[in-house]
Amino acid sequence: MRQSKLFTKTKKEAPTDEISKNAELLIRAGFIHKEMAGVYSYLPLGLRVLNKIENIIREEMNMVGGIEMRTAVFQSKEVWEKSNRWDDDIVDAWFKTKLKNGGEVGLSFTNEEAYSNILKQYVSSYKDLPIYPYDFKNIFRNEVRSKSGIMRGREFYWKALYSFSRNEEEHNEFYEKMKVAYQNIFKRSGIGHLTYMTFASGGSFSKYSHEFQTVISVGEDTIYLDEDSGIAINKEVYNDETIKGLGLIKEKLVEKRAVEVGNIFSLGTRFSEPFDLKYKDEKSQENLVIMGSYGIGLGRLMGTVVEALADDKGIIWPESIAPFKVHLLLLGDDEDVKKEADHVYETLTKNNIEVLFDDRVGLSPGEKFADADLLGIPYRFVVSSRSMKDNGVEVKKRNEEKGKVVSLEELLVLLKHSA
Ligand code: ATP
Ligand code: MG
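Parameters and conventions
Along every chain, residues carry numbers that run from 1 in the direction the sequence is written. Going through the entries in the order they are written, you letter the chains from A and number the ligands from 1. Given that this is a predicted model, residues contribute local features only at a pLDDT of at least 70 and side-chain atom pairs are listed and counted only at 80 or more, while totals for whole chains, interfaces and linings are drawn from all residues. Excluding hydrogens and water, the side-chain values take into account all heavy atoms of the structure. Segments assigned H or I by DSSP are reported as helices when at least four residues long, segments assigned E as strands when at least two residues long, and all are numbered from the N terminus. Think of it in three bands: with a 1.4 Å probe and only protein chains considered, a residue is buried below 20% of the maximum accessible area for its type, exposed above 50%, and partly exposed in between. We call two residues in contact when some of their heavy atoms are within 4.5 Å. Computed by Shrake-Rupley with a 1.4 Å probe, the accessible areas treat only the displayed protein chains as cover when residues are assessed. Positive charges come from Lys and Arg, negative ones from Asp and Glu, while His and the chain ends are left out of the count. Charged groups are reduced to one reference atom each: NZ for lysine, CZ for arginine, CG for aspartic acid, CD for glutamic acid. Among buried residues, the Ala, Val, Leu, Ile, Met, Phe, Trp, Tyr and Cys ones that are joined through side-chain atoms within 4.5 Å form a nonpolar core. UniProt positions are given in the numbering used here, feature names are shortened, and annotations may be inferred rather than shown by experiment. For Na, K and Ca the donor cut-off is 3.2 Å, while for other metals it is 2.8 Å, and in both cases only N, O and S atoms qualify; water is not among them, so sites may look incomplete. By the convention used here, strands pair only if DSSP detects at least 2 bridges between them. All axes here are fitted lines through C-alpha atoms, helices being fitted over the stretch that makes contact, and every angle between N-to-C directions spans 0 to 180 degrees. Like charges are joined within 9 Å and nonpolar side chains (Val, Leu, Ile, Met, Phe, Trp, Tyr) within 5 Å, but only among residues with over 30% relative accessible area and no salt bridge; these make up the patches. Here, a salt bridge means any Lys or Arg side-chain nitrogen found within 4 Å of an Asp or Glu carboxyl oxygen. Centre distance within 6.5 Å is the pairing criterion for rings of Phe, Tyr and Trp, where only the six-membered ring of Trp is used; planes under 30 degrees apart are then read as stacked, over 60 as edge-to-face, and the remainder as tilted. Here, a charge over a ring is recorded when the distance from Lys NZ or Arg CZ to the ring centre is within 6 Å and its angle to the ring normal is within 35 degrees. When describing relative orientation, an angle under 35 degrees is termed roughly parallel and one over 145 degrees roughly antiparallel, while 65 to 115 degrees is termed roughly perpendicular and anything else oblique. Throughout, the ten residues Ala, Val, Leu, Ile, Met, Phe, Trp, Tyr, Cys and Pro are labelled nonpolar, Asp, Glu, Lys and Arg are labelled charged, and all others, Gly among them, are labelled polar. Proximity is defined per residue: any heavy atom of the residue falling within 4 Å of a molecule or strand makes that residue near it. Whenever a nitrogen or oxygen atom comes within 3.5 Å of another N or O atom, the pair is scored as a polar contact, on the condition that within protein one atom can donate a hydrogen and the other can accept it, and that pairs from neighbouring residues in sequence are kept only if both atoms are in side chains.

### Examining the overall build of the protein
Along its length, the protein carries 11 helices and 21 strands. Each of the three principal axes of the protein carries a C-alpha extent, and together these read 80 × 60 × 45 Å. Counting only residues that meet the buried cut, the protein has 54% of its 419 residues in that class. Summarising the internal contacts of the protein: among those between residues at least 6 apart in sequence, 68% fall at separations of at least 24. Carbon and sulfur atoms form 49% of the exposed surface of the protein, whose accessible area is close to 20200 Å². Within the protein, the 67 negative side-chain charges are centred at a point lying 2 Å from the centre of the 60 positive side-chain charges.

So this is what it looks like as structure tokens:
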């Protein structure tokens, strides 16, 4: 993509009411637009990152047997009354609205009821199970405070998978697979080294749920981490019984601030019961389906990556989720240099390398370098009269101090071998 055609431009300042680093950098770099507190639009660059995260998650979910679908955002009162979660006194996060001809609808704040209600129509025999449907979807929560940029939205994009199993054993086997899939997702997104499986409150159907907590200073949660095993305990269940039960030693646990990037839950029969979601086993006996839920906020994950990896010059994207692999900068307006930069751009594009080509005119090298640092694309390539004198392209990784001049052929080899 040519940067001259990209309508977004970098900004010196973020809105004055924006206090989170992730939103400040993402707004200044033109990845997102703030509509209001907790509500952001994704601009072309931001959407590219979100799509990459989505694809990583999709691959991992499909690998464990997930089947993608899409539940509706508008939810009916009757369905949610079954599980006793319609009432605002019970769930205070609802956004609700009225229909013109009477009747109320709620905007999904989660998906358990929608899935249970749909699957009631399709599940009747042991042969129908287990199943693992999931979706990517915008979720709406009337959060009291929304000061963490895209890490805590009032409207946010998530992935939620629900497991429907015949018994505890089948459920537990899948649950363990999901732990691994989640660890893969965070590793592949570039924050694996900072993300810990954390024991958290499990609701009424299992002792614990498992959160995936990324250690960053602006995290809203407090966890107690055993650095040797990589296991952590959320403050909400941090007590002598839990510590002992998990075989951990209190003196070794370190208190950390962290953000919950994902959460997996055993639900037991909490939802299958009110929805009468049952199956007939081999002996024609009826049993309630055992459920689990598995969520990840994609915006929260993206914001967490920005918070965790950025430096004082701007964003640093891991290659796996960067909007482009290469940021190609044309410096100066010498015709020969322009021609050479065009040639490099076309060669990279022909080789299926994603390139943002800064072909803008009238900007100083300093301005282009500063923009490249702010945008955080992994490889910076510079074509200038100087690089041409050295018969190549200057290449520098975003987190390196100095670049070096390399021939275009060598660059292609280098890029083929990275990620
Ligand atoms: P929190 O405790 O941070 O409010 P939660 O436990 O209520 O989150 P879940 O219902 O477990 O959230 O949702 C599953 C996942 O969705 C979370 O692990 C998180 O990644 C993401 N998520 C939840 N709330 C938000 C939000 N307001 N903005 C962005 N992502 C969110
Ligand atoms: Mg949670």
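### Observations concerning the nonpolar core
Counting residues in each nonpolar core, the largest one holds 55 residues, and the members touching the most others are Leu 26, Phe 31, Met 61, Met 178, Tyr 182, Phe 186 and Trp 317. Once residues within four sequence positions are removed from consideration, Trp 317 is found in contact with Leu 26, Phe 31, Val 49, Met 302, Val 305, Val 306, Ala 322, Pro 323, Leu 375, Gly 376, Ile 377 and Pro 378. Judged by nonpolar contacts, the second largest core, of 21 residues, contains Phe 357, Phe 381, Leu 408 and Leu 415.

### Some remarks on the UniProt feature "domain: Aminoacyl-transfer RNA synthetases class-II family profile" (unreviewed entry) in the protein
Mapped onto the present numbering, the UniProt feature "domain: Aminoacyl-transfer RNA synthetases class-II family profile" (unreviewed entry) falls on residues 38-318. Note that residues 38-318 is 26% helix and 32% strand, and that its end C-alpha atoms are spaced 25 Å apart.

### A word on the coordination of the magnesium ion (ligand 2)
The coordination sphere of the magnesium ion (ligand 2), as far as protein atoms go, consists of Glu 260 (OE) and Asn 263 (OD1), spread over 2.3 Å. Using a relative accessible area of 22% as the deciding quantity, one classes Glu 260 as partly exposed. The exposure class of Asn 263 is buried, given its relative accessible area of 15%.

### Looking at the sheet that holds strand S19 (residues 379-383)
The 5 strands lie next to each other as S18-S17-S19-S20-S21, forming an open sheet whose pairing is mixed. The open sheet has two free edges, formed respectively by strand S18 (355-358) and strand S21 (404-406), since each of these has just one partner strand. Adjacent strand axes in the sheet meet at a mean angle of 30°, parallel and antiparallel pairs treated alike. Together, strand S17 (326-330), S18 and S19 form the strand contacts of helix H9 (residues 365-375), whose direction differs from that of S17 by roughly 170°. The sheet contacts of helix H11 (residues 408-417) involve S17, S19, strand S20 (393-397) and S21, and relative to S19 the element is tilted by about 170°.

### Quick word on a negative patch on the surface
Where like charges cluster on the molecular surface, the negative patch consists of Glu 78, Glu 81, Asp 87 and Asp 89. Looking at the secondary structure, you find Asp 87 in the loop between helix H3 (77-82) and strand S5 (95-98).

### Quick notes on the packing of aromatic side chains
Tallied over the entire structure, the rule returns 19 aromatic pairs. Ring plane angle 25° and centroid distance 6.2 Å describe the contact between Phe 136 and Tyr 157, whose orientation is recorded as stacked. Of the two residues, Phe 136 sits in strand S7 (residues 133-140) while Tyr 157 sits in strand S8 (residues 155-165), which places them 21 residues apart along the sequence. Aromatic pair Phe 156 and Trp 158: ring centres 6.1 Å apart, planes at 80°, arrangement edge-to-face. On the basis of relative accessibility, which here comes to 17%, the residue Phe 156 falls in the buried class. The ring of Phe 324 has Arg 48 lying over it, and the distance from NZ or CZ to the ring centre is 3.9 Å. Over the ring of Phe 271 we find Arg 270; its NZ or CZ atom is 4.6 Å from the centre of that ring.

### Some thoughts on the packing of helix H1 (residues 21-28) against helix H7 (residues 298-309)
Viewed as axis vectors pointing N to C, H1 and H7 meet at an angle of 95°, and their least axial separation amounts to 8 Å. Comparing the axis directions of H1 and H7 gives the class roughly perpendicular. Here H1 contributes Lys 21, Asn 22, Leu 25 and Leu 26 to the contact with H7, which in turn contributes Met 302, Gly 303, Val 306 and Glu 307. Among the residues making up the contact of H1 with H7, the classes are represented as 4 nonpolar, 2 polar and 2 charged.

### Notes on the site of ligand 1
Close contacts around ligand 1 come from 14 residues, with Arg 141, Glu 143, Arg 152, Gly 153 and Glu 260 the closest. Arg 141 is positioned such that a nitrogen or oxygen atom in its side chain is 2.9 Å from an oxygen atom of ligand 1. Residue Asn 263 places a side-chain N or O atom 3.2 Å away from an oxygen atom belonging to ligand 1. Here ligand 1 loses 81% of its free accessible area of 590 Å² to cover by the protein chains. Going through the elements one at a time, S8, strand S13 (253-268) and strand S16 (290-297) are the ones with two or more residues in the shell around ligand 1. Tallying contributions element by element places S13 first for the shell around ligand 1, with 4 residues.

### Points about unusual backbone geometry
For the bond running from Leu 129 to Pro 130, omega is 0°, close enough to zero to count as cis. Residue position: Pro 130 is located in the loop between helix H4 (112-119) and S7. Look at Asn 84: it is not a glycine, yet its phi comes out positive at around 60°. Locating Asn 84 in the fold gives a position in the loop between H3 and S5.

### So, the environment of Gly 46
As for its position among the elements, Gly 46 is in helix H2 (residues 44-63). Here Gly 46 falls in the buried class, since its relative accessible area comes to 0%. Taking C-alpha positions, Gly 46 is 24 Å from Gly 366, a pair spaced 320 residues apart along the chain. Setting aside residues up to four positions removed in sequence, Gly 46 forms contacts with Phe 31 and Met 302.

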